[in-house]
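# Inside the fold
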Amino acid sequence: MIEVKNLCKEYHVVKKEEGIKGALKGLVKRESHKIAAVSNINFNIKEGEIVGFIGPNGAGKSTTIKMMSGILTPTSGEVFIDGKDITKHRKEVVRNIGVVFGQRTQLNWDLRLGETFELLRHIYQVDKEQYLKTLDTMDEILGVKELLDKPVRQMSLGQRVKGDLVAAMIHSPKVLFLDEPTIGLDVSSKYALRKFIKEINERRGTTIILTTHDLGDIQELCDRIIIINNGSIMEDGNLSGIVDRIAPYKTLIIQYFDEKIPEVEGAELIETDGNVAKYRFMKSETTAAKLIEELSAKKPIQDIAVEETGIEEIIRIAYS
């Protein structure tokens, strides 16, 4: 559904010197240098996939999304959506994509929500019957019909996000870009957003690209993640596969009845706190059950826990 080839985006930044003298000098001769926001990235996304596109601030996520959705023109490289080059066939391609930016709304501030939807229906030339079917589907997922008569300016942030999601789906796009849609949302609004993503993907087979800093979104929604940093792709693959590669270990936490802590072959004793010990072991070399059996043979055990490496730690390692 999406093919990105050697995509690059560079910006020219003018160097300014301080003071009046520097300003006058800048009028005569400007010095500039190039900054690469995105550097030669390549990836493919299949129809119906939900892909998490993540990275630290300034990594190039939003720039890439804007090039993929036709908002920005690449310095070089190509983006194909459903087999068409978005640069050469922009009008045709954008009819099949929807975009939601968490920090910007496409809703008209001076209209009621229903009027905004009607305006978008006419812009995309969606017939009335299809529009009403789409609205019914969106109402089942988000409960949006109760907001149709409400002016956008009077809506809460969570309500506006719901409105933006419906607005992005009015023309039934094949591809949906969600650029940090959970910014500022409370728990119930995040739940509604995640429900929307799952159901739209299941019901319509919509291909979804999600950028987010909320790792809960990634764990709950995305089987595949693409990690970008400094404009380059660092990781691309199945979430569990990336976790196994970056952190191929688990931590076994044992609470004993006293503070005499034994060691065991096949695991590293990484921390002790009174009668509690933490052992790190490689998942490919041994199992927690085997270690527990060997340790319990050495002395009585009071309590046990097995800890996977958290996704926060995985992402932190991948960013570094």
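Relevant structure appears above.
Since the model is a prediction, treat every value here as computed from it, not as a measurement.

Counted under the stated rule, the structure contains 2 cavities of 30 Å³ or more. Computed from the structure, the largest cavity encloses a volume of approximately 40 Å³. The residue makeup of the lining of the largest cavity, split by class, is 2 nonpolar, 1 polar and 3 charged. Of the voids in this model, the second largest cavity is the one considered here, and its volume is about 40 Å³. If you go around the second largest cavity, the residues you meet are Gly158, Val161, Lys162, Leu165, Leu185, Ser189, Ala192 and Leu193. When residues of the lining of the second largest cavity are assigned to their parent elements, the largest contribution, 4 residues, is made by helix α6 (residues 157-169). Taken together, the residues of the lining of the second largest cavity sort by class into 5 nonpolar, 2 polar and 1 charged.

Moving on, we get to the side chain of threonine 63. Looking at where threonine 63 falls in the secondary structure, it is placed in helix α2 (residues 61-68). Taking the relative accessible area as the measure of exposure, threonine 63 reaches 15% and is therefore buried. With sequence-adjacent residues up to four places away left out, threonine 63 is seen in contact with Lys9, Tyr11, Ala37, Val38 and Leu72.

On to the pairing of strand β11 (residues 249-256). Counting buried positions along β11 gives 6 out of 8 residues, so the element sits mostly inside the fold. Bridge count between β11 and strand β13 (residues 276-282): 7 bridges; the pairing is antiparallel. Within β13, the residue paired with isoleucine 253 across the bridge is lysine 278. Pairing analysis gives 7 bridges linking β11 to strand β14 (residues 301-308), with the strands arranged antiparallel. Bridging across to β14, glutamine 255 finds its partner in aspartate 303.

Taken together, the buried positions of helix α4 (residues 113-123) are occupied by Leu113, Gly114, Thr116, Phe117, Leu120 and Arg121. For α4, the angular spread of the buried residues around the axis is 155 degrees, confining them to a single face. Exposed side of α4, more than 90 degrees from the buried face: His122 and Ile123 are the residues found there. Residues of α4 that are buried make contact with α5 (128-142) and α6. Once α4 ends, the next one or two residues include glutamine 125, with phi positive near 55 degrees.

This part is about the packing of aromatic side chains. Within this structure, the stated rule accounts for 1 aromatic pair. For the pair phenylalanine 43 and phenylalanine 53, a centre-to-centre distance of 5.9 Å together with 45 degrees between the ring planes defines the contact as tilted. Pair noted here: phenylalanine 43 is in strand β2 (residues 31-45) and phenylalanine 53 is in strand β3 (residues 50-54), with a separation of 10 residues, a long-range link.

Spatial ordering of the open sheet is given by β2-β1-β4-β5, a layout of 4 strands whose pairing is antiparallel. Each of the sheet's edge strands pairs with one partner strand only, and the pair in question is β2 and β5 (84-85). One ladder, built from 2 bridges, connects strand β4 (residues 76-81) with β5; its direction is antiparallel. For isoleucine 81, the partnering residue across the bridge sits in β5 and is lysine 84. With respect to the sheet, α2 is in contact with β1 (2-15), β2 and β4, its orientation differing from that of β1 by roughly 120 degrees.

Within a sheet, each strand pairs with its neighbour through backbone hydrogen bonds, oriented either parallel or antiparallel. Across the sheet, which stays open at both edges, the 4 strands sit in the order β12-β13-β11-β14 with antiparallel pairing between neighbours. Single-partner strands in this sheet number two, and they are β12 (268-273) and β14. When the angles between neighbouring strand axes are averaged without regard to direction, this sheet yields 20 degrees. Sheet strands touched by helix α10 (residues 288-298): β11, β13 and β14. Its angle to β11, the strand with the most contacts, is close to 30 degrees.

The next thing to look at is the environment of isoleucine 227. Considering the arrangement of structural elements, one finds isoleucine 227 in strand β9 (residues 224-229). In this structure the C-alpha to C-alpha distance between isoleucine 227 and valine 243, which are 16 residues apart in sequence, comes to 12 Å.

As a further point, take the pattern of salt bridges. Under the definition given, this model contains 20 salt bridges. A salt bridge links glutamate 92 to lysine 84; the shortest N-O distance between them is 3.6 Å. Residue lysine 145 is joined to aspartate 136 by a salt bridge in which the shortest nitrogen-to-oxygen separation is 2.4 Å. Relative accessible area serves as the criterion here: at 36%, aspartate 136 is assigned to the partly exposed category. Among the charged side chains, a salt-bridge network with shared partners connects Arg194, Lys198, Asp217 and Glu220.

What counts, and at which threshold
The numbering scheme is per chain: residues are counted from 1 as the chain's sequence reads. Thresholds applied to this predicted model are a pLDDT of at least 70 for local features of residues and 80 or more for the giving and counting of side-chain atom pairs; totals over whole chains, interfaces and linings are not thresholded and use all residues. To obtain the side-chain values, all non-hydrogen atoms of the structure were used and water was disregarded. Only protein atoms enter the 1 Å grid used here, on which a cavity is any set of points holding a 1.4 Å probe that cannot leave and a pocket is any open set flanked by protein within 12 Å on both sides along at least five of seven lines; residues with an atom within 4 Å of a point are listed as lining. Grid points are joined across faces, edges and corners, and a volume is the space filled by probe spheres set on the points. Residues were grouped as follows: Ala, Val, Leu, Ile, Met, Phe, Trp, Tyr, Cys and Pro as nonpolar; Asp, Glu, Lys and Arg as charged; and all remaining residues, including Gly, as polar. A run of H or I in DSSP becomes a helix once it reaches four residues, and a run of E becomes a strand once it reaches two; helices and strands are each numbered from the N terminus. Exposure categories follow from relative accessible area, calculated using a 1.4 Å probe and restricted to protein chains: below 20% of the type maximum is buried, above 50% is exposed, and the middle band is partly exposed. Contacts were defined at the residue level, with two residues in contact if any of their heavy atoms lie within 4.5 Å. Two strands qualify as a pair provided that DSSP identifies no fewer than 2 bridges between them. Throughout, the arc means that of the directions going from the helix axis to the C-beta atoms. Think of it this way: a Phe, Tyr or Trp ring, Trp meaning its six-membered ring, pairs with another when their centres are within 6.5 Å, and the plane angle makes it stacked under 30 degrees, edge-to-face over 60, tilted otherwise. Only C-alpha atoms enter the line fits that serve as axes; for helices the fit covers just the stretch in contact. Angles between N-to-C directions range over 0 to 180 degrees. By definition, a salt bridge exists where a carboxyl oxygen of Asp or Glu is found within 4 Å of a side-chain nitrogen of Lys or Arg.

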